[in-house]
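Residues per chain, in single letters:
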Amino acid sequence: MTLAIRVIPCLDVHDGRVVKGVNFVNLRDAGDPVELAATYGAEGADELVFLDISASATGRATTYDMVRRTAETVFIPLAVGGGVRGVEDVDTLLRSGADKVGINTGAISRPEAINEITTRFGNQVLVLSLDARREAGQPSGFGVTTHGGRRAAGLDAIAWVREAAERGAGEILLNSMDADGTTDGFDLEMIEAVKAVVDVPVIASGGAGTVAHFVAAAQAGADAVLAASVFHYGTLTIAEVKAGLAEAGFAVR
C-alpha cells in the first residue's frame, strides 16, 4: 500500500503569536496560533507543525498553554519543536497535547538525547529537525546549521541524518536554509541525498511557492511536504496542493 503524501502547514510561534519572515528575519505578526491551527484543520491539513522560535523560559510556558489549547481544538497530529533538550521537555509537551516533538540543536549538542527520548517514548514521537544548507567544505556538500541557519554546526548533514536515524529518530524534518522563504522551490537534490541514507519518513521544508514545487518534492522522495508563507498568505490552499499531488499520481488523504 502506498502511503499518502502528507501536506503540513508550519506555524512559527514567537511569544504566543504566529509570525512570518524569511530566515527568521523581519518577522511580522500572522495571528493567533490556535485560530490558525483550527482553520488549517478545517481546510484538510494532515498534520500541523509548531516551531517555537522564542524558546526562552517565558516563551516555553506560553508554548505549553498554546499546545494545550490547540490540542483541544484540532484533531490532527501536532508536532512541536523549539528549545527541546531532552526527556523532560518531551514529557511536558506530550502531556500538553503534542503528538510528536521536534529536536534540533539539543540533539546536535548531545546526540544521545535521541536515544534517551526514543527509548522512553518510542521513535514515532521524535522528529529530527534538520536545518541544512549547501556547504562546500562538507563531504556530501551539505552542512548542518543552527540559530536559524546563521551558524554552521561543523557537521555533514547527510552523515548527521544517518546517525540520528540510527539512534532512533522516527522522522526527519528537512529544512533547506538556502531555499527557506524564497518560494523558488524545494532543494530536490538535498531531499534525494537524505532519502538515500534513511528509511524513516522525510518531511520536505523550505522553498515552496507553487503546486508544482510540492509535486517535485514528492517525486524526489519526500513523504510529506511542509510550507508556511504560501499557506499563511493565501497564495495556495491545502486543497490545491492535494489536488496537484493527486493529479501527478500521488495518494493523498
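Overview of the structure.

Cut-offs used in this document
- Residues numbered from 1 in each chain as written.
- Predicted model: local features only at pLDDT ≥ 70, side-chain atom pairs only at ≥ 80, totals over all residues.
- Heavy atoms only, no water.
- Helix = DSSP H or I, 4+ residues; strand = E, 2+ residues; numbered from the N terminus.
- Buried < 20%, exposed > 50% of the residue type's maximum accessible area, 1.4 Å probe, protein only.
- Contact = heavy atoms within 4.5 Å.
- Areas by Shrake-Rupley, 256 points an atom, 1.4 Å probe, with all protein chains shown as cover.
- Lys, Arg positive; Asp, Glu negative; His and termini not counted.
- Charge placed at Lys NZ, Arg CZ, Asp CG, Glu CD.
- 1 Å grid on protein atoms, 1.4 Å probe; cavity = no way out; pocket = protein on both sides within 12 Å on 5 of 7 lines; lining within 4 Å.
- Points joined across faces, edges and corners; volume = space filled by probe spheres on them.
- Nonpolar A, V, L, I, M, F, W, Y, C, P; charged D, E, K, R; others polar.
- Core = buried A, V, L, I, M, F, W, Y, C linked by side-chain atoms within 4.5 Å.
- Phe/Tyr/Trp six-rings, centres within 6.5 Å; stacked < 30°, edge-to-face > 60°.
- Arc of directions from axis to C-beta.
- Polar contact = N/O pair within 3.5 Å; in protein donor to acceptor, adjacent residues only side chain to side chain.

1. Thoughts on the overall build of the protein
Counting secondary structure elements, the protein contains 10 helices and 12 strands. Seen through its principal axes, the protein has C-alpha atoms that stretch 40 × 40 × 40 Å. Looking at the 253 residues of the protein, the share that counts as buried comes to 54%. Sequence-distant contacts, at least 24 apart, represent 64% of the contacts inside the protein between residues at least 6 apart. When the accessible surface of the protein is summed, it comes to about 10,600 Å², and 50% of that surface belongs to carbon and sulfur atoms. Taking the average place of the 21 positive charges on the side chains of the protein and the average place of its 33 negative ones, the gap between the two points comes to 4 Å.

2. A few points about empty space enclosed by the protein
A complete count under the given rule lists three cavities of 30 Å³ or more for this structure. Empty space within the largest cavity amounts to approximately 70 Å³. Contributing to the lining of the largest cavity are 13 residues, with Val49, Ala79, Gly102, Val127 and Leu173 lying nearest its centre. If you list the elements that add at least two residues to the lining of the largest cavity, you get β4 (48–52), β5 (78–81), β6 (100–103), β7 (126–134) and β10 (171–176). The leading source of residues in the lining of the largest cavity is β5, at three residues. Per-class residue counts for the lining of the largest cavity are seven nonpolar, three polar and three charged. Elements represented by at least two residues in the lining of the second largest cavity include exactly α2 (57–73), β5 and α3 (87–96). Of all the elements, α2 adds the most residues to the lining of the second largest cavity, at three residues. Here the residues of the lining of the second largest cavity sort into four nonpolar, four polar and three charged.

3. Concerning the layout of surface pockets
Put simply, the second largest pocket is a space of about 250 Å³. Taken together, 15 residues line the second largest pocket, and the ones lying closest to its centre are Leu3, Ala4, Arg6, Pro201 and Asp223. Broken down by class, the residue content of the lining of the second largest pocket amounts to seven nonpolar, two polar and six charged.

4. Focus: the nonpolar core
Judged by nonpolar contacts, the single largest core of 70 residues is most densely connected at Leu128, Phe214 and Phe231. The greatest single-element share of this core, amounting to five residues, is contributed by helix α6 (residues 157–167). In contact with Phe214, not counting residues within four places along its chain, are Phe186, Ala208, Val225, Ala227, Val230, Phe231, Leu236, Val241 and Leu245. In terms of nonpolar packing, the next biggest core, distinct from the first, is built from nine residues, Ile8, Cys10, Ala79 and Ile203 among them.

5. Quick look at the packing of aromatic side chains
In total, this model carries three aromatic pairs according to the counting rule given. For the pair Phe186 and Phe214, a centre-to-centre distance of 5.6 Å together with 70° between the ring planes defines the contact as edge-to-face. Remark: Phe214 occurs in helix α8 (residues 211–219) and Phe186 occurs in the loop between β10 and α7 (188–195); sequence separation between them is 28 residues. Accessibility classification places Phe186 together with Phe214 in one group, the buried group. Members of the aromatic cluster, connected to one another through ring pairs, are Tyr40, Phe186, Phe214 and Phe231.

6. A word on α7
Three- or four-residue spacings in an α-helix give side chains the same orientation, since the helix completes a turn every 3.6 residues. Listed as buried for α7 are Met190, Ile191 and Val194. One side of α7 carries all its buried residues, which in axial view fall inside an arc of 100°. Considering only its buried residues, α7 is in contact with β7, β8 (142–146), α6, β10, β11 (202–205) and α8. Here α7 starts with a cap whose side-chain oxygen sits 3.4 Å from the backbone nitrogen of Glu189, and that cap is Asp187.

7. Side note on helix α1 (residues 33–42)
Inspection of α1 places Pro33, Val34, Leu36, Ala37 and Tyr40 among the buried residues, and these make up the whole buried set. Here the buried residues of α1 occupy an arc of 160° about the axis, which is enough to place them on one side. Turned more than 90 degrees away from the buried face of α1 sit Glu35 and Ala42, all of them exposed. A side-chain oxygen of the first residue of α1 lies 3.2 Å from the backbone nitrogen of Val34; this N-cap is Asp32. Positive phi appears at Gly44, one or two residues downstream of α1, with a value of about 100°.

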